[in-house]
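# Observations on chain architecture
Residue-level listing of the chains:
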Amino acid sequence: MAANPTLHPDLMTGSGGRSRAAEGGVERYEALLREAQSIRGISLARDAWRRLRRNRIAIGSLGFLTLLGVLAIFTPFLPLQPPRTVKLLRQYQPPSLWPLFEESLSLTTEDWADDPTRSRTVVEGFGELGGASRLLLRARLAAFGNWQIGSICGTDNLGRDVMSRLFWGARVSLLVGLVATCVSLVIGVAYGAVAGYLGGWVDNLMMRIVDMLYSIPFIFVVIFVITILSEPSLRGALESYGIDRLVIFFVVVGAIYWLTMARVVRGQVISLKQNQFVEAARAIGASRTRIIFRHLVPNLLSVVIVYLTLTIPSVMLFEAFLSFLGLGVERPDVSWGLMANEGIKVITPVKTYWWLVIFPSLALGVTLFSLNFLGDGLRDALDPRLKHR
Amino acid sequence: MAAPLLSVTDLAVEFSTDEGKLRAVDGISYSLNPGETLGIVGESGSGKSVSSLAILGLVPYPPGRVTSGAARFDGVDLLKLRPREMSRIRGRRISMIFQDPMTALNPFLTVERQLTEVTQRHLGLSRQRAQRYAIEMLERVGIPSAGRRIFDYPHQFSGGMRQRVMIAMALSCKPQILFADEPTTALDVTIQAQILELLGELQRAEGTAIVLITHDLGVVAGVCQRVNVMYAGRFVEEANVDDLFARPRHPYTVGLLHSIPRLDRAGEALTPIPGQPPNLAALPSGCAFRDRCLRASEMCGQAVPPLTADGKSTRDGVKGGQRFACFHPHPVPEPAGAPTP
Amino acid sequence: MSDPQAVSPGPVGSGRTRAPGPGLEGSTPAPEGGAERAGVGQAEVLLEVHNLQVHFPFSSGGWFGQGRGVVRAVDGVSFSLRSGETLGLVGESGCGKSTTARAILNLVPPTGGQVLWRGRRIDRLAEREMFPFRREMQIIFQDPFASLNPRMTVGDIVAEPMKIFRLYDRRRRQLEVVRLLDQVGLNPRYLNRYPHEFSGGQRQRVGIARALAVNPKLILCDEPVSALDVSIQAQVINLLMELKRELGLSLIFIAHDLSVVRHISDRVGVMYLGRLVELAPAEDLYRNPRHPYTQALLSAAPIPDPVVERQRRRIVLTGDVPSPDEAHEGCAFADRCPIVEFDCLRISPILQGARHRVACLKAGPETGNGEGQGEVSGG
């Protein structure tokens, strides 16, 4: 392996006339290289993005989800009413656009003192808030003073503002969807990739385990587990470790949804493994790690992304379902499923407070639809991968 | 000779894709006489398959659409028929065989079911008679112990045998025209020879006219009487098989003949056609072959050369007078004899 | 998507200035340019394959592996290859020609026999021990759409082997990529483009550039042109022949197209059901095929000349290629052979002969320039 420090001596090995041409060659190559640097190819991802952009529904969904995400992140900054302030005098107010704004927020920074030793502080009407949220809340007070939006979407049985709760609930619902999906993603991709790449009896064993887990009716297991962990004594013990219902929920949901992900990834790895470019990589002496991370994983991404956009809604739905049963997010935390549950509870033959059910359901429904449309659009955009001609 | 069996005029097919509308077939005309074999030669993307799918009403819509043209067969224009009427002709009077028989055979039905379905529907045979006839057809296409194998599923046959089943199916209604789209491309040479032999035999016995669509000039030389060479959706040359190989006029045809090594000759250098196959989304103006052509001039960019004959290469005044779409055709070698390629 | 400009204009090798033979790195000089058909005899033996076997086990149903069998993909193949030589391997699908190539490269573990690279055994080497040999032997694949990673730019694909073997620094590698792309007739300006932006022929050139990147001595070409359009095939064939001449490469050229193999090869081996049935200098084999299978194969291949075609008499074989999972007694070709005899069913013929080797009990004597029974007509 004679790596030569300079170009020119080697080029002299040819006949005299040739070496001159070759020297010109090196300069030419450098010129070509400079030129090449200005020309960018269209990667598959960019190509897919181009196709996705043409899909109006998917792009609309993406826009909506982005907006929702941004609003959820900046919820404390928005001039909304405190989601937990109980005003018994304003029970069950139907939606109305008047007053649109009211100057009645009674919250000052003096209400809570920043305590550097604790990362969370309970704020009157807002519950426990982390540092970033507190910062946003301060910014809100600075920007909007004591102005707040009126109860456009009505109020609930305790006089709390529905719209405000929708926004705060979005934070929880989206977080659950994202985190639980990521848990399933990490477990599933790792498990599936290992099984698929190693193959043989390892693959066989790992996949039989998945099959076994599949056969368990998970909904009942989850309900069972959460019920047991909600026993006051157990719960106290867990909470002393900082594990609350939400964390348990993440773990449990992640632990279910990885099964499908593992299967999807394994199948994909197996079919990619037989691709000739993997064989080509072996032929040029690429190591196992190189093959997995440089050749297999990048080609998995499109499948994983599509699967992700389809898993998030099902996780969110599952959360809503459990919250609806009273096993998911706990009061005074709020999520869309929980809100719908509360709305349903107060329906009586005499009076239906429709806004308590319609708004959270609508929020959930539109989000799920958007995610599904986006997933569909992504699949269409990413699919014609190698046949693109 | 009698009137042509099928005459196609100005057929054009458009596909709408991401990159806009592509003209896969751009105004082709040909006629097919009873009992002859017409070759349509072209590379991938030349529109050779699409042109025959269009005649059979099989162009997927969307994205494809037949935008103009007529295909007169027995007094009717096939392109104007409604799907119902077309399905009465397709499979019975005009059949088709494909490159990959597996895509054309239903994997969930036995060969017997698929063969009898055609004859029961088109010829109105009873189940028993259809079955007997199917066995007879399989025997004719050379499937050993046909009476037993007829109850097998397509996947139980090898590639060559599957193609034979396809042929049996296509020919069981004694069609007047058979479109054969790359019928031997997926097969090994020894099997290819068997299938071509079989097609020839059946043609002689039944007088079926065959349109053979292929990229393989060797197959064309062995089987066809007349040949159309297709490039980027148009015919660029049309000739008798002997004329085409002995006196190719269009630079593309010449290029093709120079780029295939010959089994019976050694040491001849190959002269490839430069450049890449045509991209229908970005064809050059004028002659589509212009940017790969060594004889191209300014004129070629200004107008599409029409398919014409010059007096020089019409041989014996037969109707297969050689025509080509080129402003600068290769000259005809004076002493008729020594083949150029 | 294919950009017509991505290939430098002009037919390949038509007097365009090219980089000198052995590349920027002055590795071993090419064995004097004329390692052509005649002069090969004296050159160093690079590769020897002795009785190579690749048997794939499979279980034909059953829960506990009863009913196991083996597919004898390669079943005792022997040949040697000298430096600067091109060996063609022909045969129909499933005859084991591609598996042979993969077994030589240890991409598929051989189950028997020996592979020697310059006298050193390389079969059954672990991946780590095989590593240095991967620089000397490279492979070009059939399918230009599947053999390039769609997520890497063409420049990265060509640079990868150099990275793996830690050749040169970054800058120098980039220059090498430019040089290699230029050498295979691609426009190096497009090195940041992705494979899907190129046409089939252009991708195949990328594959060739990748194979050349580490300056190998031997390139195994596994059906490198059969997925390409006719007009593009000739470009790639010419490129390979030219590179071989310039760089003093040896090639093993695997194809099912007999005329392409004749065109490019010095010697040709014909495979049937995992075995070599005939191995001879190309001219001898095509002029005077001695094995009945070779004769049938040659007579079945179409010739693009209607006059010749009309005069040819075909030997049309009956039946299909039998499946390679059954053990055969006697000659594997016996059940399709037109001249089969009783002995053929009992005795497995072995490859015999000095120059023109054939595995057939009934093959005629080896002649210098005999006019054989099955000579290809015309020509």
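Read on for a plain summary of the structure.

Criteria and thresholds
- Residues numbered from 1 in each chain as written.
- Chains lettered and ligands numbered in written order.
- Predicted model: local features only at pLDDT ≥ 70, side-chain atom pairs only at ≥ 80, totals over all residues.
- Heavy atoms only, no water.
- Helix = DSSP H or I, 4+ residues; strand = E, 2+ residues; numbered from the N terminus.
- Rg over C-alpha atoms; globule rule 2.2 N^0.38 Å.
- Contact = heavy atoms within 4.5 Å.
- Areas by Shrake-Rupley, 256 points an atom, 1.4 Å probe, with all protein chains shown as cover.
- Lys, Arg positive; Asp, Glu negative; His and termini not counted.
- Charge placed at Lys NZ, Arg CZ, Asp CG, Glu CD.
- Buried < 20%, exposed > 50% of the residue type's maximum accessible area, 1.4 Å probe, protein only.
- Polar contact = N/O pair within 3.5 Å; in protein donor to acceptor, adjacent residues only side chain to side chain.
- Disulfide = S-S within 2.5 Å.
- Pairing = 2+ DSSP bridges.
- Axes fitted to C-alpha atoms, helices over the stretch in contact; angles between N-to-C directions.
- Salt bridge = Lys/Arg side-chain N within 4 Å of Asp/Glu carboxyl O.
- Left-handed = near helix turned anticlockwise from the far one by under 90°.
- Nonpolar A, V, L, I, M, F, W, Y, C, P; charged D, E, K, R; others polar.
- Phe/Tyr/Trp six-rings, centres within 6.5 Å; stacked < 30°, edge-to-face > 60°.
- Lys NZ or Arg CZ within 6 Å of the ring centre and 35° of its normal.
- Core = buried A, V, L, I, M, F, W, Y, C linked by side-chain atoms within 4.5 Å.

### A closer look at the overall build of chain B
Each helix and strand counted, chain B has twelve helices and eleven strands in total. Whereas a compact globule of 341 residues would reach a radius of gyration of roughly 20 Å, chain B reaches 21 Å, a difference of no more than 12%. With the C-alpha coordinates aligned to their principal axes, the bounding extent of chain B is approximately 65 × 45 × 40 Å. Partitioning the contacts of chain B with sequence separation of at least 6, the portion at a separation of at least 24 is 66%. Put simply, chain B shows about 14100 Å² of open surface, and 52% of that area lies on carbon and sulfur atoms. Averaging the locations of the 37 positively and 34 negatively charged side chains of chain B gives two centres separated by 7 Å.

### Focus: the environment of S335 of chain A
Residue and element names in this part refer to chain A. In this structure, S335 sits in the loop between α12 (288–324) and α13 (336–345). Residue classification places S335 among the buried positions, given a relative accessible area of 0%. Spatially, the C-alpha atoms of S335 and W354 are 18 Å apart, while their sequence positions differ by 19 residues. In contact with S335, not counting residues within four places along its chain, are G169, V172, S173, E319, S323 and V329. A distance of 2.7 Å separates a polar atom in the side chain of S335 from a polar atom in the side chain of E319.

### Here we look at the state of the cysteines
Residue and element names in this part refer to chain C. Applying the stated criterion across every chain yields a total of zero disulfides over all chains. Its sulfur unpaired, C337 is 6.0 Å from the next cysteine sulfur, which belongs to C360. A relative accessible area of 13% places C337 in the buried class.

### Observations regarding the sheet that holds strand β11 (residues 323–324) of chain B
Residues and elements named next belong to chain B. Taken in spatial order, the seven strands make up an open sheet running β6-β7-β8-β3-β9-β10-β11, and their pairing is mixed. Single-partner strands in this sheet number two, and they are β6 (94–97) and β11. The sheet contact formed by β6 and strand β7 (residues 177–181) spans four bridges and is parallel. For S95, the partnering residue across the bridge sits in β7 and is L178. Running at roughly 160° to strand β8 (residues 209–214), helix α8 (residues 189–206) makes contact with β3 (37–41), β6, β7 and β8 of the sheet.

### Describing the pattern of salt bridges
Across all of its chains, the model carries 49 salt bridges over all chains by this definition. D26 of chain B is paired through a salt bridge with R23 of chain B; the nearest N and O atoms lie 2.8 Å apart. For D26 of chain B, a relative accessible area of 17% puts it in the buried group. For R23 of chain B, a relative accessible area of 35% puts it in the partly exposed group. In this structure, the salt-bridge partner of E92 of chain C is R336 of chain C, at a minimum N-O distance of 3.9 Å. Highlighted residues: E92 of chain C in the loop between β3 (86–90) and α1 (97–104) and R336 of chain C in the loop between α10 (306–311) and β11 (357–358), separated in sequence by 244 residues. Take E92 of chain C and R336 of chain C: they sit in the same class, and that class is buried.

### What to know about the sheet that holds strand β5 (residues 76–77) of chain B
Strand order in this open sheet of four strands is β2-β1-β4-β5 (chain B), and the pairing throughout is antiparallel. The open sheet terminates on both sides in strands that have one partner only, identified here as β2 (20–32) and β5 of chain B.

### Let's talk about helix α3 (residues 154–164) of chain C
Counting buried positions along α3 of chain C yields nine of eleven residues, so the element is predominantly enclosed. Those residues of α3 of chain C that sit buried are V154, G155, I157, V158, A159, E160, P161, M162 and I164 of chain C. Against the buried residues of α3 of chain C lie α12 of chain A together with α2 (127–134), α4 (170–183) and α5 (200–212) of chain C.

### Considering the packing of helix α6 (residues 162–198) of chain A against helix α14 (residues 354–382) of chain A
Residues and elements named next belong to chain A. Where α6 meets α14, the closest approach of the two axes is 11 Å, and the angle between their N-to-C directions is 35°. Viewed along their axes, α6 and α14 form a crossing whose handedness is right-handed. Of the residues in α14, those touching α6 at V162, L166 and L174 are W355, L356, F359, P360, A363 and T367. Partitioned by chemical class, the residues of the contact of α6 with α14 number eight nonpolar, one polar and no charged.

### As for the pairing of strand β4 (residues 64–73) of chain B
All names here are of chain B. In this structure, strand β1 (residues 6–17) lies alongside β4, joined through eight bridges in antiparallel fashion. Bridge assignment links V13 to a residue of β4, and that residue is V66. Where β4 and β5 come together, two bridges link them in antiparallel fashion. Note that in β5 the partner of F73 across the bridge is V76. Linkage of β4 to β5, two consecutive antiparallel strands, is achieved through a turn of two residues, within which D74 is found at a positive phi near 55°.

### Details of the packing of aromatic side chains
In total, this model carries 16 aromatic pairs over all chains according to the counting rule given. Summarising the aromatic geometry, the rings of W354 of chain A and W355 of chain A are spaced 5.7 Å apart at their centres and angled 85° between planes, so their arrangement reads as edge-to-face. We classify W354 of chain A as partly exposed; its relative accessible area is 45%. A relative accessible area of 4% places W355 of chain A in the buried class. For the ring pair Y272 of chain C and F333 of chain C, a centre distance of 5.1 Å and an interplane angle of 85° mean the geometry is edge-to-face. Highlighted residues: Y272 of chain C in strand β9 (residues 267–272) and F333 of chain C in the loop between α10 and β11, separated in sequence by 61 residues. Here Y272 of chain C matches F333 of chain C in class, with each residue buried. Clustering of aromatic rings is evident, with ring pairs tying together Y353, W354, W355 and F359 of chain A. Positioned over the ring face of Y168 of chain C is R172 of chain C, at 4.3 Å from the centre of the ring.

### What to know about helix α11 (residues 251–259) of chain B
Burial of α11 of chain B is extensive: eight of the nine residues sit out of reach of the surface. Taken residue by residue, α11 of chain B has P251, Y252, T253, V254, G255, L256, L257 and S259 of chain B as its buried positions. Contact partners of the buried residues in α11 of chain B: α9 (217–223), β9 (226–231), β10 (234–240) and α10 (241–246) of chain B together with α6 (230–247) of chain C.

### Quick look at the nonpolar core
Ranked by internal contacts, the top residues of the largest apolar core, which has 99 residues, are I208, L212 and L258 of chain C. Sort the elements by how many residues they give to this core and α6 of chain C lands first, with eight residues. In this structure, L212 of chain C is in contact with L180, Q183, V184, I219, L243, L247 and L249 of chain C, ignoring residues within four places of it in sequence. Ranked by size, the runner-up nonpolar core spans 63 residues in total, among them I150, A170, V219 and F245 of chain B.

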